[in-house]
Amino acid sequence: VACSPLTFRKEAYKVPEFEVRLTGPDRVPLDRPFSVTASAYYYAGGRAAHRPLRWRVTQFPHGSGVSGYPGFRFVSVNRFGSSRGLSAEALVEETASTDPSGSGSIAIDPAKEPSALPRRYVVEATITGNDGRTVTATKQVFGLPAVSLGLKLPAVRRQHENSAEVVAVGADGKLLPAQSLRVRLLRREWRSEEHTSELQS
């Protein structure tokens, strides 16, 4: 089988002149904006100031729930959000330049996404050096519901005192104190009836 010819040029690997570091939160609530900062440092010393900076942010579904609270069943506001998956409209691509300190930042607002489903953001920052070579750094940020309610209720026994435990957990997995909660206990009864019918020949 004949293939089309291809020409290429092999060049020696050149170590980049600088490195790029991304700083920002690892877990964020979905009810408020957050930001990620990129900083470029020359290996020889100093900051890579006034260099072209390109941002790219993508998001992917993240199905992780609340962990660390055995026996509790959790629910969050995402059950009331849009049933659609994460839309491509939330993708962000911006071009900027580093400031005199060699840094730049991007703000991301999860509220712009119609869906309230948990997600994983992948933030990429690409900076171009004086020689035209680019250096890219990547950071993952998990977007989670701001509040998740957990309920722990043992089997209800008649003519006995029954108790339930309720917790409010934030996006960081820690308990949220001083939260106003309204708990309702509904009593439902199921009755079964047996009906017979005569078969006609």
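### Regarding the sheet that holds strand 4 (residues 52-61)
Argument step 1. Strand order across the open sheet formed by 5 strands is 2-9-8-4-6, with mixed pairing between neighbours. Across the chains shown, the open sheet's two edge strands, defined by having one partner strand only, are strand 2 (27-29) and strand 6 (92-97). Across this sheet, the average inter-strand angle for adjacent strands is 25°, counted without regard to direction.
Argument step 2. Where strand 4 lies against strand 8 (residues 119-128), 9 bridges are found, and the strand directions are antiparallel.

### A word on unusual backbone geometry
Argument step 1. Of note in this structure, His-50 is not a glycine but carries a positive phi near 55°.
Argument step 2. Following the sequence through the fold, His-50 ends up in the loop between strand 3 (34-42) and strand 4.

### Observations regarding the sheet that holds strand 10 (residues 147-152)
Argument step 1. Strands sit in the order 5-10-11 across an open sheet of 3 strands; the sheet is antiparallel. Each edge of the sheet is formed by a strand with only one pairing partner; in this case those strands are strand 5 (73-76) and strand 11 (165-170). Ignoring strand direction, the axes of neighbouring strands in this sheet form an average angle of 25°.
Argument step 2. Both strand 10 and strand 11 contribute to a ladder of 6 bridges, which runs antiparallel. For Ser-148, the partnering residue across the bridge sits in strand 11 and is Val-169.

Conventions adopted
- Residues numbered from 1 in each chain as written.
- Predicted model: local features only at pLDDT ≥ 70, side-chain atom pairs only at ≥ 80, totals over all residues.
- Heavy atoms only, no water.
- Pairing = 2+ DSSP bridges.
- Helix = DSSP H or I, 4+ residues; strand = E, 2+ residues; numbered from the N terminus.
- Axes fitted to C-alpha atoms, helices over the stretch in contact; angles between N-to-C directions.

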